[in-house]
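As a plain string of letters, each chain reads:
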Amino acid sequence: QVHLVESGGGLVQAGGSLRLSCVASGRTLNTMGWFRQAPGKEREFVAAITGSNSRVYYAYVTDSVKGRFTISRDDAERTVYLQMSNLKPEDTAVYYCAAALTAATMARQLTPREIGSWGQGTQVTVSS
């Protein structure tokens, strides 16, 4: 079992930045990721990063946030991050940290069915 706790959400103006953090208890070597869900919409994949005990990670971000969002992890601190820059109103959503059921050698888009553990969610609101 992996327990995940997110933080860092808030209210920002369009064009601003936020960094979300997710602290994990338990294993941190499986693929980790971020999803988001806006009201009335399905949960949407945002980014994923592979786990490694050699400090070499592979990251993937979805096209809608490519160039603006960066995912990273620090296994020594049991933390995965989502750095969000140039935020847009359409980024408004509840953001969820996620731990996949398996490890992978290359990051890719994940589906909710591949997730074993979810964080509680943190609200990100971007005003225009």
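Described in the following lines is the structure provided in the data block. (Residues numbered from 1 in each chain as written. Predicted model: local features only at pLDDT ≥ 70, side-chain atom pairs only at ≥ 80, totals over all residues. Heavy atoms only, no water.)

1. Quick word on the pattern of salt bridges
And step 1. Here the structure, examined in full by the defined rule, presents five salt bridges.
And step 2. Put simply, D91 and R36 hold a salt bridge, and the shortest N to O gap is 2.9 Å. Placement of the pair is D91 in the loop between β8 (79-84) and β9 (93-100) and R36 in strand β4 (residues 32-37), with a sequence separation of 55 residues.
And step 3. We classify D91 as buried; its relative accessible area is 1%.
And step 4. R68 is the salt-bridge partner of D91, the closest N and O atoms lying 2.8 Å from each other. Pair noted here: D91 is in the loop between β8 and β9 and R68 is in the loop between β6 (59-61) and β7 (69-74), with a separation of 23 residues, a long-range link. In this structure, D91 and R68 share a single accessibility class: buried.
And step 5. One network of salt bridges, with partners in common, ties together R36, E44, R68 and D91. (Salt bridge = Lys/Arg side-chain N within 4 Å of Asp/Glu carboxyl O. Helix = DSSP H or I, 4+ residues; strand = E, 2+ residues; numbered from the N terminus. Buried < 20%, exposed > 50% of the residue type's maximum accessible area, 1.4 Å probe, protein only.)

2. What to know about the packing of aromatic side chains
And step 1. Overall, the coordinates contain four aromatic pairs when judged by the stated rule.
And step 2. Measuring from centroid to centroid gives 5.6 Å for F35 and F45, while their planes differ by 80°, and the two rings are edge-to-face. You can see F35 sitting in strand β4 and its partner F45 sitting in strand β5 (residues 44-49), a full 10 residues away along the chain.
And step 3. On the accessibility criterion, F45 (6% relative accessible area) is buried.
And step 4. Judged by centre distance (6.3 Å) and plane angle (85°), the ring pair of Y96 and W118 falls under edge-to-face. (Phe/Tyr/Trp six-rings, centres within 6.5 Å; stacked < 30°, edge-to-face > 60°.)

3. Quick notes on the state of the cysteines
Covalent bonding between the sulfur atoms of two cysteines is what defines a disulfide.
And step 1. Taken as a whole, this structure holds one disulfide when the rule is applied.
And step 2. Shown here is the disulfide that connects C22 with C97, its sulfur atoms set 2.2 Å apart. On the sign convention where negative is left-handed, the bridge of C22 and C97, at about -85° about the S-S bond, is left-handed. Note that C22 is positioned in strand β3 (residues 18-25) and C97 in strand β9, a separation of 75 residues in sequence. (Disulfide = S-S within 2.5 Å.)

4. Quick notes on the nonpolar core
And step 1. Ranked by size, the top nonpolar core spans 27 residues in total, and within it W34, L82, M84 and Y95 carry the most contacts.
And step 2. Of all elements in the fold, only β3, β4, β5, β7, β8, β9 and β11 (122-127) reach the threshold of two or more residues within this core.
And step 3. Among the nonpolar cores identified, the runner-up in size contains six residues, and F35, A48, A98 and L110 belong to it. (Core = buried A, V, L, I, M, F, W, Y, C linked by side-chain atoms within 4.5 Å.)

5. As for a nonpolar patch on the surface
And step 1. Taken together, V56, Y58 and M106 make up a surface patch of nonpolar side chains, about 290 Å² in accessible area.
And step 2. Along the chain, Y58 falls in the loop between β5 and β6. (Patch = residues over 30% accessible without salt bridge, like charges linked within 9 Å, V, L, I, M, F, W, Y side chains within 5 Å. Areas by Shrake-Rupley, 256 points an atom, 1.4 Å probe, with all protein chains shown as cover.)

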